[in-house]
Amino acid sequence: MTETPRSESDHIAETREKLLEAALMHVVFDGWSDKTFDMAVADSGVEPGLAKLACPRGALDLAIAFHRTKDAALADALANELPAGLGFTAKVTWAVRKRLELVEFDKEAVRRGATLFALPIYASDGARLIWETADTIWTGVGDTSTDLNWYTKRATLSGVYSATVLYWLGDESEGHEATWAFLDRRIEDVMRIEKAKAKFRGSGVGKAWEAGPAKILSKISKPGSADRPLPGSPA
């Protein structure tokens, strides 16, 4: 049986994975820093030139890879582990909780990442990653919206997820029970807003809005199937 030839992008991805695995033990002490990147190169045995090719921005690219690796694991969990019979609210709550459980043993790496992406120079990278996580969740729970709701759902969930992560980082309660209670409250707040929006849409003013300005905005902002713009992306 002939093996499928590996592409250059496959080789780069494999190299980045090796570097990330080697970096995690150093992130705890040195953060996502140049020192961590240099140690990861040395420990992994990756040739320095290849390491720079795989991660042109050094440890920043490793921090991004770490986040996206966990998003990929979440997508897999949503496809294979999501309990049947849940409504959208319960599914989203389950997904946010699952995403944090996936990094339970890498809490310090998440903390160091939060510090890194809080820097103004990397804030757009951080915003994009949070948006990607929200998109992974909504897509995984079966969201099929293609109008302005596509954006508002992800923007709202990005805020919920960010706040929950920050709370989780400081939570010392047993089993992170305080975090899950916090998450439930944030989701409940969002659902209150959604109910208010639904009530507005059912009113005379809301119906006029839906038939006029909202319809126009929906057409202007409707995301394409292949290339939906993300916050921080070039126009």
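Fair warning: this is a prediction, and the values are worked out from it, not measured in the lab.

A. Representation of the overall build of the chain within the structure. Of regular secondary structure, the chain possesses 11 helices and zero strands. Taking all 235 residues of the chain together, the buried fraction comes to 37%. Of the contacts made within the chain by residues no fewer than 6 positions apart, 67% connect residues no fewer than 24 positions apart.

B. Structural detail: the side chain of threonine 93. With respect to the element layout, threonine 93 can be found in helix 5 (residues 88–101). Judged by relative accessible area, threonine 93 falls into the buried class, the value being 15%. From its side chain, threonine 93 meets the backbone oxygen of threonine 89 in a polar contact 2.9 Å long. With residues near it in sequence (within four places) discarded, threonine 93 still touches Leu183, Asp184 and Ile187.

C. Just the pattern of salt bridges, in detail. A full pass over the atoms with the stated rule returns 14 salt bridges. Among the salt bridges present, the one from arginine 99 reaches aspartate 71, with a minimum N-O distance of 2.8 Å. Note that arginine 99 is positioned in helix 5 and aspartate 71 in helix 4 (residues 59–80), a separation of 28 residues in sequence. Each of the two residues, arginine 99 as well as aspartate 71, counts as buried. Here glutamate 108 and arginine 111 are joined by a salt bridge, their closest N and O atoms 3.1 Å apart. Taken together, the residues glutamate 108 and arginine 111, both in helix 6 (residues 107–117) and three residues apart, mark about one turn of the helix.

D. Main features of the packing of aromatic side chains. Taken as a whole and assessed by the stated rule, the structure comprises five aromatic pairs. Between phenylalanine 88 and tryptophan 138 the ring centres are 6.3 Å apart and the planes differ by 45°, which places this aromatic pair in the tilted class. Note that phenylalanine 88 is positioned in helix 5 and tryptophan 138 in helix 7 (residues 123–140), a separation of 50 residues in sequence. Counting every residue linked through ring pairs, the aromatic cluster contains Trp131, Trp150 and Tyr151. The ring of phenylalanine 88 carries lysine 91 above its face, with NZ or CZ at 5.5 Å from the centroid. Positioned over the ring face of tryptophan 138 is lysine 153, at 5.1 Å from the centre of the ring.

About the criteria used
Residues numbered from 1 in each chain as written. Predicted model: local features only at pLDDT ≥ 70, side-chain atom pairs only at ≥ 80, totals over all residues. Heavy atoms only, no water. Helix = DSSP H or I, 4+ residues; strand = E, 2+ residues; numbered from the N terminus. Buried < 20%, exposed > 50% of the residue type's maximum accessible area, 1.4 Å probe, protein only. Contact = heavy atoms within 4.5 Å. Polar contact = N/O pair within 3.5 Å; in protein donor to acceptor, adjacent residues only side chain to side chain. Salt bridge = Lys/Arg side-chain N within 4 Å of Asp/Glu carboxyl O. Phe/Tyr/Trp six-rings, centres within 6.5 Å; stacked < 30°, edge-to-face > 60°. Lys NZ or Arg CZ within 6 Å of the ring centre and 35° of its normal.

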